Amino acid sequence: MQQGSPFASCPCISFSPVSPSLLGEYEKLSLSAWPSPVVPLGQTVTLQCHSHSPLKRFRLFKRDGKRHLPELQGDHFNNFTLGPVTGEHAGSYTCSEAYWSAPSDPLQIVVSGVFKKPSISAHPGPLVQQGQNVTLRCHSLVMFDKFILHHENSTGHFQRHGEMLTGGYAPADFSIAPMTLASAGTYRCYGSLRRSPYEWSAPSDPVDIMITGLSKKPSLSAQGGSMVRSGENVTLVCSSESAFDQFHLLREGVNLGRHLAGGQSPCRALQAEFPLGPGTPAHSGVYRCYGSFTRSPYSWSNSSDPLFLSVTGEQPLPGPCFVVPVQTLCCPTLCHPEACSTTDSSVLHYLLHMDHSLVVVKGPSYLSEAMSQSCRATQA
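Residues numbered from 1 in each chain as written. Predicted model: local features only at pLDDT ≥ 70, side-chain atom pairs only at ≥ 80, totals over all residues. Heavy atoms only, no water.

**Observations concerning the overall build of the chain**
Now for step 1: The helix and strand tally for the chain stands at two helices and 28 strands.
Now for step 2: The 380 residues of the chain split such that 39% are buried.
Now for step 3: Long-range pairs, those at least 24 residues apart, make up 63% of the contacts in the chain between residues at least 6 apart in sequence.
Now for step 4: Carbon together with sulfur atoms contributes 55% to the accessible area of the chain, which is approximately 21,400 Å² in total. (Helix = DSSP H or I, 4+ residues; strand = E, 2+ residues; numbered from the N terminus. Buried < 20%, exposed > 50% of the residue type's maximum accessible area, 1.4 Å probe, protein only. Contact = heavy atoms within 4.5 Å. Areas by Shrake-Rupley, 256 points an atom, 1.4 Å probe, with all protein chains shown as cover.)

This is the structure:
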């Protein structure tokens, strides 16, 4: 050996500091991918080999044994950018120190977007009470051999939640039970084929799973009342005495978006306004709102009471038999029969309360049933 080498007169037992290069022989290296090991087709990914000792150079190996990438040959400094990726880049990778170390554990680089995206749906729905169950169903017209479910939580961390083999066109059902704060978040699913396990479809559209019922419900109202003529501006107001910093509006279960809390109502409740624009019959329906906090975006309050919004045309409203005392509906025996009947089943009928809330029924048969039930309740 050359003089001055650390091994020139090495005794059997030494308490001298161990050389970093010698330490690398026993140290387990690790390999990571940024921003994610799931890389969309045509984009890039940065691979970095990590070591407790200063690691100036490392070697990168593709371990699937099928494809050899010329750009991986040789030593790399600090990190290595792979891409724009194609199906050729999909596979299992390891790294080691350029001259002296055991290889790292393998890291799977997945290339997504090779096939068309599947669909994802939540059953019974995306709003789930704490402790209840929800099922996420992945399905596609492509005959995938496997579906993979990914979960993004409130910290933005994207992780694989599970995978399931399928047969032909069969969907894959992923059960989340029981629902907790940790399991709420954004989910997407991918499909893959057995012959190319590291080449996935494009991601499905996201589905947001919210946990509800952890705080008191807000209230929902319509400026100017819940019955609006076509063309009039419609604004819904969600308010709460709880210090929510954002509110969410839903129509028939469909999320219409969120607004930050701004201003206070006369009773000093925080509120947010949702302008829907000029009213059309398409705006008619049942609305609910929820409150939440920015620090916990997937945790919502209880639902507000439903608001029945009706946008009418130019046709005049039915006669005075529909103006009735609070919580009392008109009985046919107390009204003019001709005012309570129609042969046009498309005409909406309104049972108007003194507090300006509405019960909307469509067609004479529904109207008759609603009145009969009200009469029985009143006479009882």
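**Concerning the packing of aromatic side chains**
Now for step 1: Per the counting criterion, the structure on display carries six aromatic pairs.
Now for step 2: Taken together, a centroid distance of 5.1 Å and an interplanar angle of 50° make the contact between Tyr190 and Trp200 tilted. With Tyr190 in strand 15 (residues 185-193) and Trp200 in strand 16 (residues 196-201), the pair connects residues that are 10 residues apart, well separated along the chain.
Now for step 3: Since its relative accessible area comes to 4%, Tyr190 is described here as buried.
Now for step 4: Classification of Trp200 as buried rests on a relative accessible area of 2%.
Now for step 5: Summarising the aromatic geometry, the rings of Tyr290 and Trp300 are spaced 5.3 Å apart at their centres and angled 45° between planes, so their arrangement reads as tilted. In this pair, Tyr290 is assigned in strand 24 (residues 285-293) and Trp300 in strand 25 (residues 296-300), connecting sequence segments 10 residues apart.
Now for step 6: Overall, the relative accessible area of 9% leaves Tyr290 in the buried class. (Phe/Tyr/Trp six-rings, centres within 6.5 Å; stacked < 30°, edge-to-face > 60°.)

**Overview of the environment of Asn79**
Now for step 1: Tracing the backbone shows Asn79 in strand 6 (residues 79-82).
Now for step 2: Spatially, the C-alpha atom of Asn79 lies 9.7 Å from that of Ser32, the residues being 47 residues apart in sequence.
Now for step 3: Dropping the residues within four chain positions of it, Asn79 is found in contact with Thr46, Leu47, Gln48 and Phe58.

**Points about unusual backbone geometry**
Now for step 1: Backbone torsion omega between Trp34 and Pro35 reads 5°, so that peptide bond is classified as cis.
Now for step 2: Assignment of secondary structure puts Pro35 in the loop between strand 1 (30-34) and strand 2 (38-40).
Now for step 3: Of note, the bond from His123 into Pro124 is cis; its omega dihedral lies within 30 degrees of zero at 5°.
Now for step 4: The topology assignment puts Pro124 in the loop between strand 9 (119-123) and strand 10 (127-129).
Now for step 5: Positive phi values are uncommon outside glycine, yet Asn78 reaches one of about 65°.
Now for step 6: Take Asn78: it is sitting in the loop between strand 5 (75-77) and strand 6.
Now for step 7: On the basis of relative accessibility, which here comes to 49%, the residue Asn78 falls in the partly exposed class.

**Considerations on the state of the cysteines**
Each disulfide consists of a covalent bond between the sulfur atoms of two cysteine residues.
Now for step 1: In this structure the tally under the stated criterion is two disulfides.
Now for step 2: Each disulfide pairs two cysteine sulfurs, and for Cys238 the partner residue is Cys289, the sulfurs being separated by 2.0 Å. Across the S-S bond linking Cys238 and Cys289, the dihedral sits near 75°, which makes this disulfide right-handed. Linking Cys238 in strand 20 (residues 233-240) with Cys289 in strand 24, this pair joins segments that are 51 residues apart in sequence. Of the two residues, Cys238 and Cys289, both sit in the buried class. (Disulfide = S-S within 2.5 Å.)

Don't take any of this as a statement about function, it's just geometry.
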